[in-house]
Amino acid sequence: MKPAAVLFDCDGVLVDSEPATFALIQSDFAAHGVTRTIPELEALFIGGTIEGVARTGRELGADLPDNWVETYYTRLYDRLRAGTPLMPGVPELLQRLDAAGIPFAVGSNGRMAKMEATLGQHPAIRARLDGLMFSGQDLGCPKPRPDLYLHCARVLGADPARCVVIEDSATGARAARAAGMRCLGYAPHGPNPRLAAEGAELFGTMDQVPALLGL
């Protein structure tokens, strides 16, 4: 049976925004006394919120200023607007979903302003997502709480039990599981044990998704 809806995470699933995000975290942490590699930072923070990054960074010893979160967002958006590509195969996957009559939406822990900075660079994709992008930060229900994906399903009029979530983080997969939704775990760089441990079915390229959905 085909799904009632497909719900996408944004960063690292629809858009390749993670390199800029973590490069800026790394440089800011280093400037304030904490040195970590990008893989170490990804293990700590992927799928989380910048507010959570600030809290953990201070716990690790980074003397981040009180206004770090807001200044980080301003600088990050500037970097992202300079060029954030779609993940490979995203346009084709959305076309397949349209052809199959399967609605879709986006549920991200990032702010709406971040999605506008990234997806807004791709007008054809952004137009197809008008009214269908939702921020856990802005709604006050960030992952791993299930509320964000349940909200997406409600807007689409879809039974949560028949929704499929596409995620790249353990945090997001945990949210999908808590919402009672099947989760496909996007792992373009190879095995991702943390994602699999949350019950996600791993795949490596977007062209594999239609078959996983039974299309």
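Since the structure is predicted, the reported quantities are computational estimates derived from the model, not experimental observations. (Residues numbered from 1 in each chain as written. Predicted model: local features only at pLDDT ≥ 70, side-chain atom pairs only at ≥ 80, totals over all residues. Heavy atoms only, no water.)

Novice: Tell me about the nonpolar core, residues and numbers included.
Specialist: Membership of the largest hydrophobic core comes to 28 residues, with the highest contact counts inside it found for Phe8, Leu97, Leu119 and Ile166. Those elements that provide at least two residues to this core are β1 (5-8), α5 (90-100), β2 (104-108), β4 (163-167) and β5 (182-186). Sort the elements by how many residues they give to this core and α5 lands first, with four residues. One finds Ala4, Leu148, Ala158 and Leu195 within the second-largest nonpolar core, a separate group that totals 22 residues. (Core = buried A, V, L, I, M, F, W, Y, C linked by side-chain atoms within 4.5 Å. Buried < 20%, exposed > 50% of the residue type's maximum accessible area, 1.4 Å probe, protein only. Helix = DSSP H or I, 4+ residues; strand = E, 2+ residues; numbered from the N terminus.)

Novice: Can you explain the sheet that holds strand β6 (residues 201-203)? Please cite residues and give values.
Specialist: The six strands lie next to each other as β3-β2-β1-β4-β5-β6, forming an open sheet whose pairing is parallel. If you trace the sheet from one side to the other, it starts and ends with β3 (133-135) and β6, each paired once. Looking at each pair of strands side by side, their axes are set apart by 25° on average, direction ignored. Across three bridges, the pairing between β2 and β3 is parallel. Bridged to Val106 within β3 is Met133. Strands in contact with α5 are β1, β2 and β4; relative to β1, the strand with the most contacts, it is inclined by about 155°. (Pairing = 2+ DSSP bridges. Axes fitted to C-alpha atoms, helices over the stretch in contact; angles between N-to-C directions. Contact = heavy atoms within 4.5 Å.)

Novice: Help me get a handle on the side chain of Glu18, residues and values and all.
Specialist: Relative to the helices and strands, Glu18 is located in helix α1 (residues 18-31). One buried charged side chain, Glu18, makes no salt bridge at all; its nearest oppositely charged neighbour is Lys114, positioned 5.4 Å away. Filtering out sequence-adjacent residues up to four positions away, Glu18 remains in contact with Asp11, Gly12, Ile46 and Asp168. (Lys, Arg positive; Asp, Glu negative; His and termini not counted. Salt bridge = Lys/Arg side-chain N within 4 Å of Asp/Glu carboxyl O.)

Novice: Explain helix α9 (residues 147-156) to me, and be specific about the residues and the numbers.
Specialist: An α-helix turns once every 3.6 residues. As a result, residues three or four positions apart point the same way. Considered for burial, the residues of α9 that qualify are Leu148, Tyr149, Cys152 and Ala153. All buried residues of α9 lie within an arc of 140° about the axis, which places them on one face of the element. Residues of α9 that are buried in the fold lie against β1, β2, β3, α8 (136-139), β4 and α10 (170-178). In the segment just after α9, Gly157 is the residue with positive phi, at about 70°. (Arc of directions from axis to C-beta.)

Novice: Describe the packing of aromatic side chains, with residues and values.
Specialist: With the rule as written, the count across this model stands at seven aromatic pairs. For the ring pair Phe8 and Phe104, a centre distance of 6.3 Å and an interplane angle of 80° mean the geometry is edge-to-face. One end of the pair, Phe8, is in strand β1; the other, Phe104, is in strand β2, and 96 residues separate them in sequence. Like Phe8, the residue Phe104 is buried in the burial classification. Ring geometry for Trp68 versus Tyr72: centroids 5.0 Å apart, planes at 35°, classification tilted. (Phe/Tyr/Trp six-rings, centres within 6.5 Å; stacked < 30°, edge-to-face > 60°.)

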